Amino acid sequence: MGFGWIGVACALCVGLCVLLMASPIRVEVEYWRAGSDELRAQVRAMYGLVRLRWRWASEAPPVRGRSRRSREKSRKSGDERRGTRSIGAWRRFAHRALRALDRMAPHVHVDELRLEARMGAGESVRTGMVVGASYAAIYTLLGWLSSRVRMHRVPTVSIAPAFQEALLTIYAKSIVRIRTGYVIAAGLRLLTAWKRRAS
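All of these numbers come straight from a predicted model, not from anything done at the bench.

*Asks:* Is there a simple way to think about the overall build of the protein chain in this case?
*Replies:* From N to C terminus, the protein chain includes five helices and seven strands. Element order for the protein chain, N to C, with α for helix and β for strand: α-β-β-β-α-α-β-α-β-β-β-α. In the protein chain, which comprises 199 residues, the proportion classed as buried is 21%. A separation of at least 24 residues holds for 70% of the contacts in the protein chain among residues at least 6 apart in sequence. Surface exposure of the protein chain reaches about 14700 Å², of which carbon and sulfur atoms provide 62%.

In structure tokens, the structure reads:
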């Protein structure tokens, strides 16, 4: 009789693990740029039981109060720390990390990808060149990205030229889904690659 309850408990544990691995993680990211930068991210996991929100905004300019001597000391200490690290080990770690992310990429589902921008270089010809180059770079990146991940909707790109102004305003939004099991597997691969680098 006791073994029967143990079997039921084990089956329940296995079922819960399967449900956890199959549960989708939904990540929604929004970015605004209009004078200052603002970034918002929302993560929903475990069938909505776990919800995380994060917001960042660049409102204050960077502080410039360090003296020349302190900058030189920090630069020297940074150079010494970088010199002690093995470049080959970092290279191997980067290669393994990229392979782990590349294995995870086909399981990433992109539900929405949108970019709206308004840009100007202060003069008509320069603005036209900047807008054209931006379109070319963005669509090249989207072509590479669509060959790696699963796009469920055609990405929306809209760049409006401001011919007589020098400005840049951006709004970008993306919604991405991936199952928890693939994230855990990629995390384990990254952890293994990091331990190999450190050893």
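*Asks:* What's the story with the state of the cysteines in this structure? I'm lost.
*Replies:* Covalent bonding between the sulfur atoms of two cysteines is what defines a disulfide. Scanning all chains against the criterion turns up zero disulfides. Of the cysteine sulfurs around Cys10, a residue in no disulfide, the closest is that of Cys13, at 6.4 Å. In this structure Cys17 is a free cysteine whose sulfur lies 6.7 Å from that of Cys13, the closest cysteine sulfur available.

*Asks:* What is the right way to read a positive patch on the surface from this model?
*Replies:* On the surface, a cluster of positive charge is made up of Arg99, Arg103, Arg189 and Arg196. Residue assignment for the positive patch shows that the elements contributing at least two residues are helix H3 (87-104) and helix H5 (180-198). With respect to the secondary-structure elements, Arg103 resides in helix H3. With a relative accessible area of 47%, Arg103 lands in the partly exposed category.

*Asks:* Explain the nonpolar core to me, please; I cannot follow it from the model alone.
*Replies:* In globular proteins that are soluble, nonpolar side chains generally tend to be buried together. Ile25, Ala45, Met104, Ala105, Val108, Val110, Val149, Ile178 and Ala186 together form the largest nonpolar core, which totals nine residues. Those residues within four positions of Ile178 in sequence are excluded, and the remaining contacts are Ser23, Pro24, Ile25, Met104, His107, Val108 and Val183. Listed in part, the seven residues of the second largest apolar core include Val131, Leu142, Val157 and Ile159.

*Asks:* I would appreciate a short explanation of the environment of Leu115 in the present structure.
*Replies:* Here Leu115 is to be found in strand E4 (residues 109-121). Taking the C-alpha atoms as reference points, Leu115 and Ile170, separated by 55 residues in sequence, lie 7.3 Å from one another. When near neighbours in sequence (up to four residues on either side) are disregarded, Leu115 contacts Ile138, Thr156, Val157, Ser158, Ile170, Tyr171 and Ala172.

*Asks:* Quick question: what am I supposed to make of the side chain of His109 here?
*Replies:* The residue His109 is located in strand E4 in this model. For His109, a relative accessible area of 17% gives the class buried. A distance of 2.7 Å separates a polar atom in the side chain of His109 from a polar atom in the side chain of His152.

*Asks:* Teacher, can you tell me more about the packing of aromatic side chains here?
*Replies:* Each aromatic ring pair is specified by the distance between its two centres and by the angle formed by the two planes. Taken as a whole and judged by the stated rule, the model has two aromatic pairs. Their ring planes at 10 degrees and their centres at 6.1 Å tell us that Tyr135 and Tyr139 sit as a pair that is stacked. Separated by four residues within a single helix, Tyr135 and Tyr139 lie in helix H4 (residues 124-146), roughly one turn from each other.

Reading the values: rules and limits
Residues numbered from 1 in each chain as written. Predicted model: local features only at pLDDT ≥ 70, side-chain atom pairs only at ≥ 80, totals over all residues. Heavy atoms only, no water. Helix = DSSP H or I, 4+ residues; strand = E, 2+ residues; numbered from the N terminus. Buried < 20%, exposed > 50% of the residue type's maximum accessible area, 1.4 Å probe, protein only. Contact = heavy atoms within 4.5 Å. Areas by Shrake-Rupley, 256 points an atom, 1.4 Å probe, with all protein chains shown as cover. Disulfide = S-S within 2.5 Å. Patch = residues over 30% accessible without salt bridge, like charges linked within 9 Å, V, L, I, M, F, W, Y side chains within 5 Å. Salt bridge = Lys/Arg side-chain N within 4 Å of Asp/Glu carboxyl O. Lys, Arg positive; Asp, Glu negative; His and termini not counted. Charge placed at Lys NZ, Arg CZ, Asp CG, Glu CD. Core = buried A, V, L, I, M, F, W, Y, C linked by side-chain atoms within 4.5 Å. Polar contact = N/O pair within 3.5 Å; in protein donor to acceptor, adjacent residues only side chain to side chain. Phe/Tyr/Trp six-rings, centres within 6.5 Å; stacked < 30°, edge-to-face > 60°.

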